[in-house]
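Take a look at the letters that make up each chain.
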Amino acid sequence: GILERLNAGEVVVGDGGYVMQLERRGYVKAGHWTPEAAVEHPEAVRQLHKEFLRAGADVIQTFTFYCSDDKLELSGNVTTITGAQINDAACNLAGEVANEGGALVAGGVSQTPCYLKTNSETEVKAIFKKQMDYFLQKDIDFFIVEFFEHVEEAVWAVEVLKSSRKPVAATLCIAPQGDMNGVPPGECAVRLVKAGADIVGINCHLDPLTGVRTVKMMKEGLEKAGLRAHLMVQPLGFHTPECNIGGYVSLPEFPFALETRAMTRWDVHKYAREAYKAGIRYIGGCCGFEPYHIRAIAEELSAERGFLPPGSEKHGLWGAALEFHTKPWVRARARREYWENLLPASGRPKCPSMATPADGYQND
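Here the structure is a predicted model, which means the values were calculated and not measured. (Residues numbered from 1 in each chain as written. Predicted model: local features only at pLDDT ≥ 70, side-chain atom pairs only at ≥ 80, totals over all residues. Heavy atoms only, no water.)

Explain the nonpolar core residue by residue, including any values.
Membership of the largest hydrophobic core comes to 98 residues, with the highest contact counts inside it found for F63, V145, L192, Y248, Y271, I280 and I297. Dropping the residues within four chain positions of it, F63 is found in contact with Y18, V19, L22, V28, P35, A37, A38, V45, I86 and A90. Within the second largest apolar cluster, 13 residues are counted, among which are L6, A106, A169 and M232. (Core = buried A, V, L, I, M, F, W, Y, C linked by side-chain atoms within 4.5 Å. Buried < 20%, exposed > 50% of the residue type's maximum accessible area, 1.4 Å probe, protein only. Contact = heavy atoms within 4.5 Å.)

Could you give an account of helix α13 (residues 291-300), naming the residues involved and the relevant values?
Where burial is concerned, most of α13 is hidden: nine out of the 10 residues are buried. Along α13, the residues that are buried comprise P291, H293, I294, R295, A296, I297, A298, E299 and E300. Considering only its buried residues, α13 is in contact with β1 (12-13), α4 (42-55), α12 (265-277), β8 (282-283), α14 (302-305) and α16 (336-341). (Helix = DSSP H or I, 4+ residues; strand = E, 2+ residues; numbered from the N terminus.)

So what's going on with the packing of aromatic side chains? Which residues, and what values?
Scanning the entire structure with this criterion turns up 14 aromatic pairs. For the ring pair Y18 and F52, a centre distance of 5.2 Å and an interplane angle of 70 degrees mean the geometry is edge-to-face. One end of the pair, Y18, is in the loop between β1 and α2 (19-24); the other, F52, is in helix α4, and 34 residues separate them in sequence. Under the relative-accessibility criterion, Y18 is labelled buried at 7%. The class of F52 is buried, set by a relative accessible area of 0%. Ring geometry for F128 and F148: centres 5.9 Å apart, planes at 50 degrees, overall tilted. A residue pair is termed long-range when its members are at least 10 positions apart, and F128 in helix α8 (residues 121-137) and F148 in strand β4 (residues 142-148) qualify at 20 residues. Side by side, F128 and F148 carry an identical accessibility label, which is buried. (Phe/Tyr/Trp six-rings, centres within 6.5 Å; stacked < 30°, edge-to-face > 60°.)

Help me get a handle on the pattern of salt bridges, residues and values and all.
Following the criterion strictly, the structure yields 18 salt bridges and no others. Between K129 and D133 there is a salt bridge whose closest N-O contact spans 2.8 Å. Of this pair, K129 and D133 both sit in helix α8, four residues apart, which is roughly one turn of the helix. Judged by its relative accessible area of 38%, K129 is partly exposed. The residue R261 makes a salt bridge to E253 at a minimum N-O spacing of 3.4 Å. Take R261: its relative accessible area is 7%, and that puts it in the buried class. It is possible to trace a salt-bridge network through shared partners that takes in E121, K125 and E159. (Salt bridge = Lys/Arg side-chain N within 4 Å of Asp/Glu carboxyl O.)

Describe the packing of helix α10 (residues 185-195) against helix α11 (residues 208-225), listing the residues and the values that go with them.
In the contact formed by α10 and α11, the axes pass within 7 Å of each other and the chain directions differ by 60 degrees. Viewed along their axes, α10 and α11 adopt a mutual orientation that is oblique. For the pair α10 and α11, the sense of crossing is right-handed. Here P185, G186, A189, V190, L192 and V193 of α10 come into contact with α11, specifically with T214, M217, M218, G221, L222 and A225. In terms of residue class, the contact of α10 with α11 is built from nine nonpolar, three polar and no charged. (Axes fitted to C-alpha atoms, helices over the stretch in contact; angles between N-to-C directions. Parallel < 35°, antiparallel > 145°, perpendicular 65-115°, else oblique. Left-handed = near helix turned anticlockwise from the far one by under 90°. Nonpolar A, V, L, I, M, F, W, Y, C, P; charged D, E, K, R; others polar.)

Provide a residue-level description of the sheet that holds strand β6 (residues 199-203), including the pertinent values.
Strand order in the open sheet formed by eight strands is β1-β8-β7-β6-β5-β4-β3-β2, with parallel pairing between adjacent strands. Two strands lie at the open edges of the sheet, namely β1 and β2 (59-61), each paired on one side alone. By the bridge criterion, two bridges tie strand β7 (residues 230-234) to β8 in an arrangement that is parallel. Opposite V233, over in β8, you have I283 as the bridge partner. Packing of helix α6 (residues 83-101) onto the sheet brings it into contact with β2 and β3 (104-109), and relative to β3 it is tilted by some 155 degrees. (Pairing = 2+ DSSP bridges.)

Have a look at this one:
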């Protein structure tokens, strides 16, 4: 189980982003971001699961982001497929692939439109209860509460899911400034752990090193409160030096022009090491994290984990396979120092290095 692995001090590698990857591959509609592809195109979801598993993921998350009935109804994008059908198909796909490599299956629930519309604890909890019941029918290994901008709603989700007696991880999509109501990261972590979360951290919205910084703040808050929990980080796969509280959705490039902000595999090596040094042992990615990014996490921490992932069979560590290139200047790049110190060019001389977020928040 997830807690047994973390309690033993193991590094758990999470998987990457599904929604954005499947949008780029033609299976998710941007704007709606709903996961009906689990029913309509299961082969596409299965393939991405397989790629993350081969890259070294120890956890396969169900493709159930934004799968609450109120979100499906609001999007208007799904009229003939129910949330129950999506959950059933997503659990089957994740379980099938996870079994191929001894991975765990995590059932994910995310924030609901109902929270902002009604702020009704009863109504919001009823939505989470319905999703939980679907997952329990499939006997998933643990729950992940993810992509919550308001800690209050995340606390409600944790309180519901803990009734299942399965482990619960809770990740917020927040900045170092705190959640959308200004609740600091440390206080957010305290509230989540008091609600019953076994693992706390952040996911999405901002880049990896900002994510690590935010989790450090959560860790400090827990220590001051005399509380303990395992730490988790699954950040954005894009550079966001603006560090705005609204995250990457407030950047002018979102969602169709983010490619020039993409993390390199070497950026991810640095992220994985910094996360490990911070005491974080569940390390994965969210939107923008592709399988090769997950492989970079597994490779950077291979000494601690004691093995390399299957995907490393086709990848020379730190460019080692370039030694066989016919061009001498490329052969010279077959070393760690070259890639660690490279400052990649964007190839866009007229483009700025940063942008002004639409929500008005600047670099802190």
